[in-house]
Every structure is written in structure tokens, then in C-alpha cells.
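One-letter residues, chain by chain:
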Protein chains: 2
Amino acid sequence: MAAIEIVEVSPRDGLQNEKTLLSTADKLTLIDRAIAAGVRRMEVASFVNPKKVPQMADAEAVMSGLPARADVTYVGLALNDRGFSRALQAGVDEVNFAVMASDTFNQRNQGADAFETIGQLETIAARARGAVPVGVTVGTAFGCPFEGEIPVDRLLSIVDALAAIAPREIALADTIGVATPRDVARRVGAVRARFPKIPIRCHFHNTRNTGIANAWAAIEAGAATLDASLGGVGGCPFAPAATGNIATEDLVYMLDRAGIETGLDLEACIGAARWLEEALGHSLPGQVMKAGGFPDVA
Amino acid sequence: MAAIEIVEVSPRDGLQNEKTLLSTADKLTLIDRAIAAGVRRMEVASFVNPKKVPQMADAEAVMSGLPARADVTYVGLALNDRGFSRALQAGVDEVNFAVMASDTFNQRNQGADAFETIGQLETIAARARGAVPVGVTVGTAFGCPFEGEIPVDRLLSIVDALAAIAPREIALADTIGVATPRDVARRVGAVRARFPKIPIRCHFHNTRNTGIANAWAAIEAGAATLDASLGGVGGCPFAPAATGNIATEDLVYMLDRAGIETGLDLEACIGAARWLEEALGHSLPGQVMKAGGFPDVA
């Protein structure tokens, strides 16, 4: 693997569960800093019910304040038809949908079982065709807080149904941070074997300290893209004391050392992560932002 | 890989840089809890200058308070002839020596260059023969704070010299927490290729969030044994804001999920880590002790 794409998710998934509401101006600064650090694809907002996710209430304001960059793909998350319309109206470059591999979790999250949600996505994806690229994230792909184990066959049946939508990519998300490298190798391998032409993105949380190990396993198993957030921002409501997303700068450190190109600059990522830590007013779980990169002895 | 041995290092490497001095009684409780959790090989003390490492001043008292367990191997660290004599006198089951791959670091740590230290170890190892098994840890095997990169050839030349001592195992230690999975694969692979019959142990710090990823890479590359500490206790004096050893319970979680036998019980490890956190009076970096294991939905 010579290069890996990193999708910066701090402005959306990273902030979503933060108690501190970041101002629209601060979010735009975060986005600016991420772009300056080399980010070229970024999840910038979700178009969901602002009563349920107050941090995303300014999604349209964030979208209208984004720097006009033809070389940056701004991704918006939508969960239903209404969210998709808002995302389209706001001018996202790409829309991302989500479905849970677990029916129980999907029911709680979206009020329908997984295949009902996929049915709705088919209708929306038909509307999106020609207008905007569509990606789909499969949540709880490595385990569910309510159902526990998600069998590989169940995951594949979800991916089979999604493939009918012809998404630009399919993401496997470890929503609650239970994945380990062996799970990642098996599941990414199984999905790739079934659909060798659909690019795979992976989304890991570092809840049980396996996030970076999972990222490496995903790369070895052929994932093309990894989500990460500056400073590792992003709490998990199912494990309040534990950390959230894998930290962009920690991932870049590992990949730099392996000679794998990301387009991101480690020092600029560290600077942005430290800025975000100050803006939020509390410590973030990223480690390289504290320890620094490989010793510079020149 | 069906099984991996975990060496619990919290009582020595884990506590060594802790500002809070743990009482001998508390250390013995920690050791008891580790054994109850399934630990069968443990670094319990170092026999070094108590003025330099006050936390280890009670090494002899800890040794004399250990439960008499024929099935547990108590390891003591020594850096020189005097330390070795103390360790032998105190009744360790195994003695571990250390040499740095970096001359600069070795000079600062032990007042000699690496090959001078290895020369001293040869004399000591001759004394140890028949009395107690000897292992050697190669520190800064993945990078040095003073010299930066440690070439693989340099590492191999150190291992070549050590092989003459016929140690029971050789450990590669990432003293400052800079290693990444690719480094681990290359270095463990290179040492194994040179000495297929010497068991390899690896010692990782999670300073840059790569510790668990490195552990997995080491297993894949054929390491037989991994060091870990309950709760991830163990600061790094070269990166004060960052975390220390990989957490035993985080490692056990990953290996349990992969079906790799360790002999350790995850819940008992979590309990011991939480006890240690209370005894030290500050938060420890382990994640599974906060998030818990895989959801139990039965």
C-alpha cells in the first residue's frame, strides 16, 4: 500500500457528542486548519434533528461558511429523505448515509429495522444519482451494545443489499469501539472478496485501545480510506469514560513511519489538534499531540 | 499463534517512574492480584541504586514478601554485577539485564557504550549459569531520543553480541514509544531470521498510541512473549504527558477476541487495574478498565 486516504471527521462525528458547543466560527477555523494540514476529504456536518444533536444545529451555517476549494470534498451525513434534501440544498460534495448491521441498534437510531432503512436509502440514492456521490456507512459492523456479536454473514447480507444502491464506497464502522485486528482482517477481507470493486472505508473508535491497531489491520486487508479526527475528539455515549475516534495525527505518525503517503503534514495536524483542545477547554485523547513525532536529532 | 505469554511488569517498570511511592504492602497486593488474574511471569523488582530509583528501594522487602508459588516466575532487573548479586541473594527466579541499542543512551544510563556493557554481561552471565536463567532486554531497539533512528544492522550487531551469552530470550524494547507496526514486523522478523531458536519478547510503550498495534504486529512476526502492565501504568520520562506501558487488560481483550490463549482472566485484570488506580490516586491510561469488555448481552 503506497497511499491511504484519510477522511477528517472531527467537525461532525468528532464534535457530535461533545458537551461544549463549538461556535460556527470555531468549526470553520477547525476546518480551515484541517485543510491547511492537507485534509482533502472531510465530514463537515450532519443534517439531523437539531433537538437530538444540538452540536449540528448550525449545519447550514457551517456549509455556507466553507472555503471554496475545488480540491476538497465536503461530506454531509444524512439519515433520511429530509436530511438528504437539506444536505443537497446546503451544497455538500458528497452525502453519507448510515445503516446499522444490528436491527436493534438501527431501530433505536432510525426507528426501522436495517433492511427497511436500506429500502429507504434506495429511493434516496435514486434521487441522488447524477446530483451527488453517495457513500454508506455500516454501523455496529464489529459488534453491538444490544445484540453483542454481529455474525460475518449478517454483515455480508447488509452489504449485499447496499451494493444494489451502487454506493461510491462502503464504510465499516466500529460504532462502539469493540473491534480488534483479527475482526478487521476477517470482515474487511470478507467484504472485499464479495465486492472487489467497491472501495472500503473504515471507521474506528479507540474505546478499547485497539483503534490504531485496527487501522493498520484495515490497511493490510485492503481498505482504501480511514476516518480519523484531530486530537481523537469524539466521545462514545456507550462508554462515557473512554475515548472516541482514532486521532488523525496518531494515524499520520504511524503511516509516515511506514512510508505510506497520506498528504497530511504531521506537525500541522498536531498544531490543529492542540488548537481544538484549547477551543473545547478539555484534554483530548490523542497521544502524538502530547509526545511529539519521532525524535528530531538533526 | 495459539497462545502468547504475557509478562506483567507493573510492579517494576510500571511503578518505576511513578511519583507516588507505593508501600511494600501495596506492591505485594498488586502482585497477589496479578497472580490471581492468571499472571505466571512477572517483573517484580529492580536491583538498582535506590537514590536513582526510589520506588525500587524496597526490592529486597518485596522479594521476601512474595507468595511462594512454584508456578510463578519472579523476574528481577539488574544493570550490573552488584545488582546481579543482590537479585541472586534476594532469590529471583530469573534475572533480566538491559543494554541499549544506542551508545548515547547506554552511556547515559549505564556509563559505558553498548559493547562495553555486553562485555560486562558476559562475565555476569557466566556467574549466573546453573544458578538462574538470564534474559536480556535491548532498549531503544526502535529509536533513541538522542540518536534518532537505530539502523536494523546496528540492532542486529547488538543481538549478535548478546547471542554469545546464550540468554533464555532476547527482548526488543521500545523504550521511548516510537515504534510502529511496520518497524516491529521488520525488526522482530530480522532478529528471528538471524536466531530462529532464541525466543523473542517485546516491550512496548503506548506513548504515541501504537502500543497495541505493535503488540499485534509482534505476534504476527513471531514474538513469543509480550510485556504489559495493569492499567497501562508506567510513565515515560522522555514524554511526560504521554502514557506508559501497554495495558495488560487491553492486550488480553484483543487476544481473547482473537482466540489467542494468555491464561489471564480479563475481568480479574480489570479489577486489579482499578485497584491500582485507586492505590496510586490518579487515573491510569488503560481503556478496557473504563469501557469494559465486549458487551455481555446474555
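Each residue is numbered by its place in its chain's sequence as written, counting from 1. Key to labels: chains lettered from A, ligands numbered from 1, both in the order written. For a predicted model such as this one, the threshold for reporting local features is a pLDDT of at least 70, and the threshold for listing and counting side-chain atom pairs is 80 or more; totals across whole chains, interfaces and linings nevertheless cover every residue. Computation of side-chain values: all heavy atoms of the structure, hydrogens and water removed.

In the nomenclature of an unreviewed UniProt entry, chain A is known as Hydroxymethylglutaryl-CoA lyase of Roseitalea porphyridii. UniProt positions are given in the numbering used here, feature names are shortened, and annotations may be inferred rather than shown by experiment. Per UniProt, chain A has the following entry under Sequence similarities (unreviewed entry): "Belongs to the HMG-CoA lyase family."

To continue, consider the overall build of chain A. Assigned secondary structure in chain A consists of 12 helices and 8 strands. Only the C-alpha atoms count toward the radius of gyration. The rule for a globule is 2.2 Å times the residue count to the power 0.38. Taking 298 residues into account, the globule formula puts the C-alpha radius of gyration at 19 Å, and chain A, at 18 Å, falls close to it. Oriented by its inertia axes, the alpha-carbon framework of chain A measures out at about 55 × 40 × 35 Å. Split into buried and exposed, the 298 residues of chain A put 62% on the buried side. By the convention used here, residues are in contact when the closest approach between their heavy atoms is within 4.5 Å. By sequence separation, contacts in chain A at least 24 residues apart represent 74% of the contacts at least 6 residues apart. Helix and strand definitions follow DSSP, with helices as H or I runs of at least four residues and strands as E runs of at least two, each counted in order from the N terminus. When a residue's accessible area, from a 1.4 Å probe over protein chains only, is under 20% of the maximum for its type it is buried; when over 50% it is exposed; and in between it is partly exposed.

Our focus in this paragraph is the pairing of strand β7 (residues 200–203) of chain A. Residues and elements named next belong to chain A. Along β7, one buried face is formed by I200 and C202 and the opposite face, lined by R201 and H203, is buried too. We treat two strands as partners when DSSP finds at least two bridges between them. For strand β6 (residues 170–173) and β7, the ladder comprises 4 bridges, and the chain directions are parallel. Looking at the pairing, I170 lines up with I200 of β7. Following the chain from β6 across helix α8 (residues 181–194) to the adjacent parallel β7, one finds a crossover that is right-handed. As defined by bridge partners, β7 adjoins strand β8 (residues 225–228) across 2 bridges and the pair is classed as parallel. Paired with R201 across the strands is T225, a residue of β8. You can see the chain leave β7, run along helix α9 (residues 211–220) and come back into β8, and the turn it takes is right-handed. A crossover counts as right-handed when, viewed with the strands pointing away from the observer, the path leading from the first strand over the helix to the second turns clockwise.

Across the boundary between the two partners, chain A contributes 43 residues, which contact 43 residues of chain B. Whenever a carboxyl oxygen of Asp or Glu lies within 4 Å of a side-chain nitrogen of Lys or Arg, that contact is scored as a salt bridge. Our count for the contact surface shared by chain A and chain B stands at 2 salt bridges. Polar contact is the term for a pair of N or O atoms within 3.5 Å; when the atoms are in protein, one must be able to donate a hydrogen and the other to accept it, and sequence-neighboring residues count only if both atoms are side-chain atoms. Here chain A and chain B share 14 residue pairs in polar contact (both at pLDDT 80 or more) between them. Only α8, α9, α10 (248–257) and α12 (288–291) of chain A provide two or more residues apiece to the side of chain A that touches chain B. Among the residues making up the side of chain A that touches chain B, the classes are represented as 23 nonpolar, 11 polar and 9 charged. When residues are grouped by polarity, Ala, Val, Leu, Ile, Met, Phe, Trp, Tyr, Cys and Pro land in nonpolar, Asp, Glu, Lys and Arg in charged, and all others, Gly among them, in polar.

Our focus in this paragraph is the packing of aromatic side chains. Residue and element names in this part refer to chain A. Only the six-membered ring of Trp is used, alongside the rings of Phe and Tyr, when aromatic pairs are assigned; centres must lie within 6.5 Å, and planes under 30 degrees apart are stacked while those over 60 apart are edge-to-face, with the rest tilted. Under the counting rule described, the total for this entry stands at 6 aromatic pairs over all chains. Taking the centre distance of 5.6 Å and the plane angle of 50 degrees together, the rings of F105 and F146 count as tilted. Here F105 is found in helix α5 (residues 103–110), whereas its partner F146 is found in the loop between β5 (134–139) and α7 (152–163), with 41 residues between them in sequence. By relative accessible area, F105 is classed as buried at 6%. What makes F146 partly exposed here is its relative accessible area of 27%. Geometrically, the ring pair formed by F142 and F204 is tilted, given 5.9 Å between the ring centres and 50 degrees between the ring planes. Within this pair, whereas F142 is found in the loop between β5 and α7, its partner F204 is found in the loop between β7 and α9, the two being separated by 62 residues in sequence. For the pair F142 and F204, one class covers both residues: buried. Either the NZ atom of lysine or the CZ atom of arginine qualifies as a charge over a ring when it sits within 6 Å of the ring centre and within 35 degrees of the ring normal. The positively charged end of R257 is found above the aromatic ring belonging to F294, 3.6 Å away from the centroid.

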